[in-house]
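Structural overview
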Amino acid sequence: MRAIITGIGDAFSALHYGSSAIVEAPAGLIAIDCPGRLLGMYRAASASSGIPIEVQAIDDILLTHLHGDHSDGLETLGFARRYLSSEPRRPRLHALPEVLERVWEKLAPAMDGATREHGGMSHLEDYFEPMELIPGQQYEVAGLEVDCRRTLHSVPTAGVRLRGPSGSIGWSADTEFEMAHIEWLAECDLIVHECGDNFKHTTWAELDTLGDELKSRIRLIHLPDGSTPPEGPMRLLAEGEVIVSS
Ligand SMILES: [Zn+2]
């Protein structure tokens, strides 16, 4: 399984796109989170990875939570899928029920106007197909097995695991350091873990307490601008980098 890292920034980054990725799945592309300036982000990641990321091919979005650095691109994605394609199709929006319940509060002021198809107010379902992710249940998303786990963060947030015939990737999402979450992610071949110094995030020192074998499978994102982790097996990912789990 391959994933293109499209953003490694945190909420305050002036240098990077919000932490996110595109996963190549058997039945299409899956976006993990949806930060702002989405089309520029995909263009940049396509150029540096050599893998084309076409927004019309993203039929599934795994949305971890509603902080802007993870969700501000939903408006662009929804509009792009509706208006930039001759055959508009709604992407599926997979998220915790409590995230789906409130996502339209964020999008409605910009998206609830009349559409070309009907004159009335628009709704979330005009742009996306909402799909609940319930922790503990298994889902099939674009030909991959996906499940989620709630994390310790300031708003409802879920980490996700994606499993295919050729490997698995665990994505921590924004979270405090939590051993149970790490153990859940550790069942995957490769773990992408957030790392930052702010409240409700995980520090490098906390992750460094883990065993060497586990640390060798952890890659880091979401560090503050300009900070690099100390030497060691937990390497900082770069935008446009392709990670392969097998
Ligand atoms: Zn967050």
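In what follows, the structure referred to is the one given above.
Residues numbered from 1 in each chain as written. Predicted model: local features only at pLDDT ≥ 70, side-chain atom pairs only at ≥ 80, totals over all residues.

**Observations regarding the overall build of the chain**
Scanning the chain from N- to C-terminus turns up 8 helices and 14 strands. In summary, the chain has a C-alpha radius of gyration of 17 Å against a globular reference of 18 Å for 246 residues, a match within 12%. Overall size of the chain, expressed as C-alpha extent along the three principal axes, is 60 × 35 × 35 Å. Counting across all 246 residues of the chain, residues that qualify as buried make up 40%. (Helix = DSSP H or I, 4+ residues; strand = E, 2+ residues; numbered from the N terminus. Rg over C-alpha atoms; globule rule 2.2 N^0.38 Å. Buried ≥ 20, exposed ≤ 12 C-beta atoms within 10 Å, placed from the backbone.)

**Some thoughts on unusual backbone geometry**
The phi angle at Ala173 is positive, at roughly 65°, despite the residue not being glycine. Here Ala173 shows up in the loop between β10 (167–171) and α6 (179–185). By C-beta crowding, Ala173 is classed as buried, having 29 other C-beta atoms within 10 Å. The phi dihedral of His222 is positive, around 70°, even though this residue is not glycine. Residue His222 is classed as buried on the basis of its 29 C-beta neighbours within 10 Å.

**Focus: the sheet that holds strand β12 (residues 218–221)**
Note: strands within a sheet are paired through backbone hydrogen bonds, in either parallel or antiparallel orientation. One open sheet accounts for 7 strands, arranged β7-β8-β9-β10-β11-β12-β13; its pairing is mixed. Two strands lie at the open edges of the sheet, namely β7 (139–141) and β13 (235–236), each paired on one side alone. Where strand β8 (residues 144–150) meets strand β9 (residues 158–164), 6 bridges bridge the pair, whose relative direction is antiparallel. In the sheet register, Glu145 faces β9, and the bridge partner there is Arg163. (Pairing = 2+ DSSP bridges.)

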